[in-house]
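Letter by letter, the chains look like this.
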Amino acid sequence: MRFDNLPRLASLDCAGNNRLAAYFSMEIAVSPAIPTYSGGLGVLAGDTLRAAADMGLPLAAVTLAHRLGYFRQHLDANGVQTGESQPWSPESILAPEEPIVTVTIEGRPVAIKAWRYDLEGVTGYTIPIYFLDTRLEQNDPRDQILTDHLYGGDSDYRLRQEAVLGMGGIRILDALDYHPKVYHMNEGHAALLTIALLEQQLHGAPLGSATEEDLDAVRELCVFTTHTPVPAGHDRFSAEQANRILGMERAPLLERVGAFHDGLLNMTYLALRFSRFVNGVAMQHGIVSREMFPEYSIEAITNGVHAVTWTSPSFQATFDRHLPRWRQDNLALRYAIDIPEAEIKEAHLESKRALIAAVKDRSGIELLPEIFTIGFARRAATYKRSDLLFTDPERLVRCAHEFGGLQILYSGKAHPADEPGKAMIRHVIELAKQLDSDVLKIIYLENYEWNLAALLTGGVDLWLNTPKRPYEASGTSGMKAALNGVPSLSILDGWWIEGWIEGVTGWAIADHDEDAGEATSLYEHLEQVILPLYYHQPDQWRRIMRSTIALNGSYFNTQRMLEQYVQNSYFPESLVQSPAATLEHSLAK
Ligand SMILES: *Cc1c(COP(=O)(O)O)cnc(C)c1O
């Protein structure tokens, strides 16, 4: 589907750069070579934009240059994490844009320029992504570094960055002559864009003079996706910071619109207050979000992943043979149900060999392609419980002996300030050393990033996810695995509540109040169902792989997701002329 051909959207076109939607995100993973993302949020943003480019959706995106990236993770033999910055040079990859805009931050004028990346879709249509940059001579040295570190620095630094992203982003789009009809805030980091839109609406009149109609005018333009199921996960700043960094004029306005909560400036409340449509990222997350913010109406649009990006080369070739339109039309993956089992087996084996080669390269350890391999890779946050699998290490060892072998691959970075997250990595690595034997191999691969994620989700036999409920808003790596025929064994949280069909797309770990109870369910599934199937009923195993692709690959992708955003969030019927009216209009011309 190409959205620029749809009459109902064409009716919204306007002069200048007729991009209808503007997408704001603190992190966007545009390519493995550009380290401007930390994990799931940035990968989702990139996958969303890749789908938008495929579909010809007239959209422009804004993020920060993050010249020093997030961090490259190093783990020593004891699992102690250290990090290095990942400098990259926008100058050598991106196109500079002319305009320079200014935002006053902490009383100083901060000049902002933009670098453009043209993201190309499957039909050649491109989406511009603007990387904002404050590394300009005219800026105070304190401000030149504002677009250096993704999620680095203290909370003053974060608030200044959010001012650059939200307010600088609106001014850059304006200077580039964009007049979007909808502004999408991907998480609350971009919420200050609402204040810049209000300032535009007031044409230079003081913020204090804003009427309820002015606030409503901004509200008509904004939509918001929240990603966090816990109050502590939302960005908050003190009133003193708001006054000092955003200014004595903006702080009272923020107070007036209800962006302060428990005495703190809360970016989620700011975004909620100014959005005509709000959504969580899976059905369950919608429910959790409505409980957290009962005064707002919150919908849900379940996340997806970009199908082509996360399908391994061998499965890409298989789909190209059997489902020639799958790249343009991801729903074609539903017909994967007809792909011969032998081809599923071959494609997976090739992906598994590529993973085994990469593991050998990185760790020196040679895994075996016939041995059952479990993957667990994601941000090392404590709620993700990467050590749940080791609750009863002896049971795991027995299991490996009984079936003739088990290989387990881990990866994931902890945020540098997250001490419990770093301790969890050490714990996994310590147990891996203790349990290592001929039949049980456990490897923690350092520096989880895009390429490693693709290798792991494509090459393992089972994708394991053990978050503590209800902290997994969605989770997306299991969706990547599904595209490669890799079933999940997961706690029923986030997307898995929707993706799980027992024994068809994977297996659910039973809910239990105690961690140990959930671990028991995990072991029981492995011992009684999963390992017997893999080792003794290979044909049945391949049928599960195939139904995982057909049922979950065809649905949990960003093409389906973005269509839902367009229909429900960006351009619901209530906002656009009916196709009939548009047709009459164009016939009359
Ligand atoms: C997909 C991806 C994630 C997100 O994984 P979750 O399952 O949502 O936790 C994080 N990091 C990288 C590098 C990814 O590719």
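Residues numbered from 1 in each chain as written. Predicted model: local features only at pLDDT ≥ 70, side-chain atom pairs only at ≥ 80, totals over all residues. Heavy atoms only, no water.

Engineer: Even after reading the chapter, I still don't get the pattern of salt bridges, so can you show me in this structure?
Structural biologist: Pairs may arise between side chains of opposite charge once their charged atoms sit close together. A full pass over the atoms with the stated rule returns 34 salt bridges. Residue R108 is joined to D143 by a salt bridge in which the shortest nitrogen-to-oxygen separation is 2.8 Å. Of the two residues, R108 is situated in strand β7 (residues 108–120) and D143 in helix α4 (residues 141–144); the sequence distance between them amounts to 35 residues. Classification of R108 by relative accessible area gives buried; the value is 12%. A salt bridge links R395 to E527; its shortest N-O distance comes to 2.8 Å. Taken together, the residues R395 in helix α14 (residues 393–403) and E527 in helix α19 (residues 515–536) connect sequence positions 132 residues apart. When its relative accessible area of 15% is taken as the criterion, R395 is described as buried. The structure contains a network of salt bridges with shared partners spanning E106, R108, D143, D156, R160, E240 and R244. (Salt bridge = Lys/Arg side-chain N within 4 Å of Asp/Glu carboxyl O. Helix = DSSP H or I, 4+ residues; strand = E, 2+ residues; numbered from the N terminus. Buried < 20%, exposed > 50% of the residue type's maximum accessible area, 1.4 Å probe, protein only.)

Engineer: Is there a simple way to explain the sheet that holds strand β19 (residues 462–465) in this structure?
Structural biologist: Adjacent strands of a sheet form backbone hydrogen bonds with each other and so pair up, either parallel or antiparallel. Strand order across the open sheet formed by six strands is β18-β17-β16-β19-β20-β21, with parallel pairing between neighbours. Two strands in the sheet have a free side with no partner beyond their single neighbour: β18 (440–445) and β21 (506–509). Averaged over neighbouring strand pairs, the angle between their axes works out to 20° when direction is ignored. Where strand β17 (residues 406–411) and β18 come together, six bridges link them in parallel fashion. Bridge pairing in β18 links S411 to L445. Across the face of the sheet, helix α13 (residues 341–363) comes into contact with β16 (373–377), β17 and β18 while running at roughly 70° to β18. Helix α16 (residues 450–459) contacts β16, β17, β18 and β19 of the sheet and is inclined by roughly 155° relative to β17. (Pairing = 2+ DSSP bridges. Axes fitted to C-alpha atoms, helices over the stretch in contact; angles between N-to-C directions. Contact = heavy atoms within 4.5 Å.)

Engineer: How should the site of the ligand be read in this particular structure?
Structural biologist: Looking at the ligand, there are 14 residues lining it, with K384, A453, T476, S477 and K480 nearest. Contacts to the ligand include T476, whose backbone N or O atom sits 2.9 Å from an oxygen atom. In this structure, an oxygen atom belonging to the ligand sits 2.5 Å away from a side-chain N or O atom of K480. The protein chains hide 93% of the 390 Å² of surface that the ligand would expose on its own. Considered class by class, the residues forming the shell around the ligand number five nonpolar, five polar and four charged. Three or more residues apiece are contributed to the shell around the ligand by two domains, here domain 1 (9–74 + 83–304 + 560–588) and domain 2 (307–556). (Near = heavy atom within 4 Å. Polar contact = N/O pair within 3.5 Å; in protein donor to acceptor, adjacent residues only side chain to side chain. Areas by Shrake-Rupley, 256 points an atom, 1.4 Å probe, with all protein chains shown as cover. Nonpolar A, V, L, I, M, F, W, Y, C, P; charged D, E, K, R; others polar. Domains from an automatic or database assignment.)

Engineer: How should I be thinking about the sheet that holds strand β13 (residues 264–266) in this particular structure?
Structural biologist: Sheet architecture is open: three strands sit in the order β11-β13-β12, paired in antiparallel fashion. Strand pairing shows two members of the sheet lacking a second neighbour, β11 (236–238) and β12 (260–261), which therefore form its edges. As judged from the three bridges shared by β11 and β13, these two strands associate in the antiparallel manner. When the sheet's bridge partners are listed, R236 is paired in β13 with N266.

Engineer: When you look at the pairing of strand β3 (residues 72–75) in this model, what are you seeing that I'm missing?
Structural biologist: Regular strands place side chains that alternate from one sheet face to the opposite one. A one-sided burial pattern is seen for β3, the buried positions being Q73 and L75 and the unburied ones R72 and H74. Hairpin connection from β3 to strand β4 (residues 81–84): five residues lie between these consecutive antiparallel strands, with G79 at a positive phi of about 85°.

Engineer: Sorry if this is basic, but what is going on with the domain arrangement of the chain here?
Structural biologist: Assigned domains of the chain: these are domain 1 (9–74 + 83–304 + 560–588) and domain 2 (307–556). One C-alpha centre belongs to domain 1, the other to domain 2, and the line joining them spans 33 Å. At the interface, 30 residues of domain 1 touch 33 residues of domain 2. Here domain 1 and domain 2 share an interface that buries about 2,500 Å² over both sides, 58% of which is from carbon and sulfur atoms. When the buried area of domain 1 at its contact with domain 2 is split by residue, Q73, Q284 and R560 rank highest and sum to 24% of it. Applying the counting rule to domain 1 against domain 2 returns zero salt bridges. Our enumeration of links across domain 1 and domain 2 arrives at eleven residue pairs in polar contact (both at pLDDT 80 or more). (Buried area = accessible area lost by both parts, 1.4 Å probe.)

Engineer: What should I look at first to understand unusual backbone geometry in this one?
Structural biologist: Glycine aside, the phi torsion of most residues is negative, and most peptide linkages are trans. With omega at -5°, the peptide bond leading from R469 into P470 counts as cis. Of note, P470 is situated in the loop between β19 and α17 (477–483). Despite not being glycine, H203 has its phi angle at roughly 45°, a positive value. Within the secondary structure, H203 sits in the loop between α6 (193–201) and α7 (212–219). Unlike most non-glycine residues, D262 shows phi in positive territory, near 50°. Along the chain, D262 falls in the loop between β12 and β13.

Engineer: Would you take a moment to explain the side chain of Q284 for this structure?
Structural biologist: Relative to the assigned elements, Q284 resides in helix α11 (residues 283–292). Excluding residues within four positions of it along the chain, Q284 makes contact with R469, P470, D493 and I497.

Engineer: Looking at this structure, how should I read the packing of α13 against helix α20 (residues 538–553)?
Structural biologist: The relative placement of two packed helices is expressed as an angle between their axes plus a distance between the axes. Where α13 contacts α20, the axes come no closer than 9 Å and their chain directions differ by 80°. Compared by their axis directions, α13 and α20 come out roughly perpendicular. On α20, the residues touching E341, I344, K345 and H348 of α13 are D539, R542, R543, M545, R546 and I549. For the contact of α13 with α20, the per-class residue count stands at three nonpolar, one polar and six charged. (Parallel < 35°, antiparallel > 145°, perpendicular 65-115°, else oblique.)

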